[in-house]
Amino acid sequence: MKKIGQWSLVLASVLVLSACGGTGGTDASSASSTAETSQQSVAAQHATVILQEDGKEISTKEVDFKEGDNLFTVMSNSFDIKDQDGFITSIDGHAQDDTAKKYWTYTINDKEVMTGAKEVILKEGDKVIFNLAPM
């Protein structure tokens, strides 16, 4: 009789462990699905950045960024920039010139922007034009 009780206990343990193992598989596929959804929502976005000096194009670059990135971060990741107090003063070796009163200004989607690049959040498909010109 003791042997039947022990075997029953072993069989019950095996059934419980098997049931737990099945649930773990469901959790793993659920976690995988959640990770895929998370990656899709953080998919790279794209914008075009055009550099000009006195209105003449120097270069054009397609840049990738994450949703919520500000223009300063995107520029830092995509170009060799220098700044002073958060204001961009040089892009890829093209520096502002106080003597000639040439400074960087920029537009986004053909609209002049009067705030610093750290305050501007880029959106998918934006067209940014930086122009180094006299003010």
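Since we're looking at a predicted model, the values are computed, not measured.

Draft legend 1. Fine view of the sheet that holds strand S4 (residues 87–91). Pairing is antiparallel in the open sheet, where three strands are placed in the order S3-S4-S5. Among the strands making up the open sheet, the edge pair consists of strand S3 (81–84) and strand S5 (94–95). One ladder, built from two bridges, connects S4 with S5; its direction is antiparallel. The residue of S5 that forms the bridge with Ile91 is His94. Helix H2 (residues 71–78) rests against S3 and S4 of the sheet, and its axis sits at about 140 degrees to S3.

Draft legend 2. Main features of the environment of Lys118. Checked against the element boundaries, Lys118 lands in the loop between strand S7 (111–112) and strand S8 (127–134). A relative accessible area of 49% places Lys118 in the partly exposed class. For the pair Lys118 and Phe72, spaced 46 residues apart in the sequence, the C-alpha separation amounts to 5.0 Å.

Draft legend 3. Summary view of the side chain of Asn131. Within the secondary structure layout, Asn131 lies in strand S8. Residue Asn131 is classed as buried on the basis of its relative accessible area, which comes to 17%. At 3.4 Å, the side chain of Asn131 forms a polar contact with the backbone nitrogen of Asp54. Excluding residues within four positions of it along the chain, Asn131 makes contact with Gln52, Glu53, Asp54, Gly55, Tyr103, Trp104 and Thr105.

Draft legend 4. Structural detail: the nonpolar core. One finds Leu71, Met75, Ile91, Tyr106 and Phe130 to be the most contacted residues of the largest nonpolar core, which totals 23 residues. Top element by residues in this core is H2. It accounts for four residues. Discounting residues that sit within four places of it in the chain, Leu71 has contacts with Tyr106, Ala117, Val120, Leu122, Val128 and Phe130.

Cut-off values and rules
Residues numbered from 1 in each chain as written. Predicted model: local features only at pLDDT ≥ 70, side-chain atom pairs only at ≥ 80, totals over all residues. Heavy atoms only, no water. Pairing = 2+ DSSP bridges. Helix = DSSP H or I, 4+ residues; strand = E, 2+ residues; numbered from the N terminus. Contact = heavy atoms within 4.5 Å. Axes fitted to C-alpha atoms, helices over the stretch in contact; angles between N-to-C directions. Buried < 20%, exposed > 50% of the residue type's maximum accessible area, 1.4 Å probe, protein only. Polar contact = N/O pair within 3.5 Å; in protein donor to acceptor, adjacent residues only side chain to side chain. Core = buried A, V, L, I, M, F, W, Y, C linked by side-chain atoms within 4.5 Å.

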